[in-house]
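Secondary and tertiary structure notes
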Amino acid sequence: STVIATGGNTTSGITNNVYLDLDVSSPSKGDTLTPKVELRDTGTSFNNSVTNTGTAVQYDAEDPDDVRNTCIVYDDLNDQLVMWGGYMGNTTKANTNDIWVLSLKEKQRSQWKLLTTSGTRPQANRAHVCVYDSLNDRLIVYGGWNVTDYLTAAWALTLPASGTPTWSQLSV
């Protein structure tokens, strides 16, 4: 096992936080890799006594696997990256219309999460253009390629601070 000492808290309230990022892969698609991380609070005093408690960290291994020709925008209101669509290179070898978010908030795990949305999603495609509309806090997607045709439709996905994001088609 590996121990990472962080130093703890100072009397003025300053803490040392450690963030772990893990990328595990295998040449065999049949392998199941389950990382295990355990947090331990270790306290010491000047009499050399040590106390130790441990808690397991829940790790969700879901992530956007080898997505190409996608778009990513920064959502200022929610302090997160938003990724839409693209081509799934390693898995299905097909276009996708999935939406993924990566929180950049302090003291939150930075881990991709598949977002649940409502409304009719745009057609799965790649090579589209995305922008973040900061006035209305939404993702705008335009165009793309669905393997046979170049698309010319525009779509908006609301990115509320709470509630379910909703897709709607825009008139161009």
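Since the model is a prediction, treat every value here as computed from it, not as a measurement. Here the residue numbers are simple positions, counted from 1 along each chain's written sequence. Confidence filtering applies because this is a predicted model: local features only for residues at pLDDT of at least 70, side-chain atom pairs given and counted only at 80 or more, and all residues used for totals across whole chains, interfaces and linings. Heavy atoms throughout the structure, all of them, feed into the side-chain values; hydrogens and water do not.

Each helix and strand in the protein chain was counted, giving 0 helices and 11 strands. Each residue is assigned to one of three classes by its accessible area relative to the maximum for its type, calculated with a 1.4 Å probe on protein chains only: buried under 20%, partly exposed between the two thresholds, exposed over 50%. Looking at the protein chain residue by residue over its 172 residues, the buried ones come to 28%. In the protein chain, the proportion of contacts linking residues at least 24 apart, taken out of those at least 6 apart, comes to 38%. Accessible areas in this description were obtained via Shrake-Rupley with a 1.4 Å probe; residue shielding takes into account the shown protein chains only. Accessible surface computed for the protein chain: about 12000 Å², of which carbon and sulfur atoms make up 50%. Strands here are runs of E lasting at least two residues and helices are runs of H or I lasting at least four, both read from the DSSP assignment and numbered beginning at the N terminus. Two residues form a contact once any of their heavy atoms are found within 4.5 Å.

On to the confidence of the model for the protein chain. Looking at any residue, its pLDDT shows the predictor's confidence there, from 0 to 100. For the protein chain, per-residue confidence averages 78 on the pLDDT scale, and 63% of positions sit at 70 or higher. Within the protein chain, strand S11 (residues 167-170) carries the highest mean pLDDT (98), whereas strand S2 (residues 50-56) carries the lowest (51).

Any two cysteine sulfur atoms within 2.5 Å of one another count as a disulfide. Summed over the entire model, instances satisfying the criterion amount to 1 disulfide. Bridging Cys-71 to Cys-130, the disulfide has an S-S length of 1.9 Å. Every disulfide takes its handedness from the sign of the S-S torsion; for Cys-71 and Cys-130 that torsion is -45°, giving left-handed. Taken together, the residues span a long stretch of sequence, with Cys-71 in strand S4 (residues 71-75) and Cys-130 in strand S8 (residues 129-133) at a distance of 59 residues. Like Cys-71, the residue Cys-130 is buried in the burial classification.

What follows concerns the side chain of Asn-78. On the secondary structure map, Asn-78 appears in the loop between S4 and strand S5 (80-88). Since its relative accessible area comes to 8%, Asn-78 is described here as buried. Filtering out sequence-adjacent residues up to four positions away, Asn-78 remains in contact with Lys-105, Asp-137, Leu-159, Pro-160 and Ala-161.

Ring geometry is summarised as follows: Phe, Tyr and Trp rings, the Trp one being its six-membered ring, pair when their centres sit within 6.5 Å, and such pairs are stacked at plane angles under 30 degrees, edge-to-face over 60 and tilted between the two. This model, assessed by the stated rule, comprises 2 aromatic pairs. Relative to Trp-167, the ring of Trp-84 lies with its centre 5.9 Å away and its plane at 65°, an arrangement referred to as edge-to-face. In this pair, Trp-84 sits in strand S5 while Trp-167 sits in strand S11, placing the two residues 83 residues apart along the sequence. Per residue, the accessibility class of Trp-84 equals that of Trp-167, and both read buried. Each ring, one from Trp-145 and one from Tyr-150, has its centre 6.3 Å from the other, and the planes form 35°; the classification is tilted. The class of Trp-145 is partly exposed, set by a relative accessible area of 23%. For Tyr-150, a relative accessible area of 68% translates into the label exposed.

With respect to the helices and strands, the residue Gln-80 is situated in strand S5. Among all residues touching Gln-80, those that are not within four sequence positions of it are Val-73, Tyr-74, Asp-75, Val-101, Leu-102, Ser-103 and Leu-104.

So, on to the sheet that holds S8. Strand order in the open sheet formed by 4 strands is S8-S9-S10-S11, with antiparallel pairing between adjacent strands. Looking along the sheet, the strands with just one partner apiece sit at the ends: S8 and S11. Averaged over all pairs of adjacent strands, the angle between strand axes in this sheet comes to 25°, irrespective of strand direction. The criterion for strand pairing is that DSSP finds at least two bridges linking the strands in question. Direction of pairing for S8 relative to strand S9 (residues 138-145): antiparallel, over a ladder of 5 bridges. Counted as the bridge partner of Tyr-132 is Leu-139 from S9. Inter-axis angles, ranging from 0 to 180 degrees, are taken between N-to-C directions of lines fitted to C-alpha atoms, where helices are fitted over the stretch in contact.

As a further point, take the pairing of strand S10 (residues 150-158). Pairing geometry for S9 and S10, over 7 bridges, is antiparallel. Bridge pairing in S10 links Arg-138 to Thr-158. Count of turn residues in the S9/S10 antiparallel hairpin: 4 residues, of which Val-147 carries a positive phi of about 90°. In this sheet, S11 lies alongside S10 in antiparallel orientation, the contact comprising 4 bridges. Bridge pairing links Ala-156 to Ser-168 in S11.

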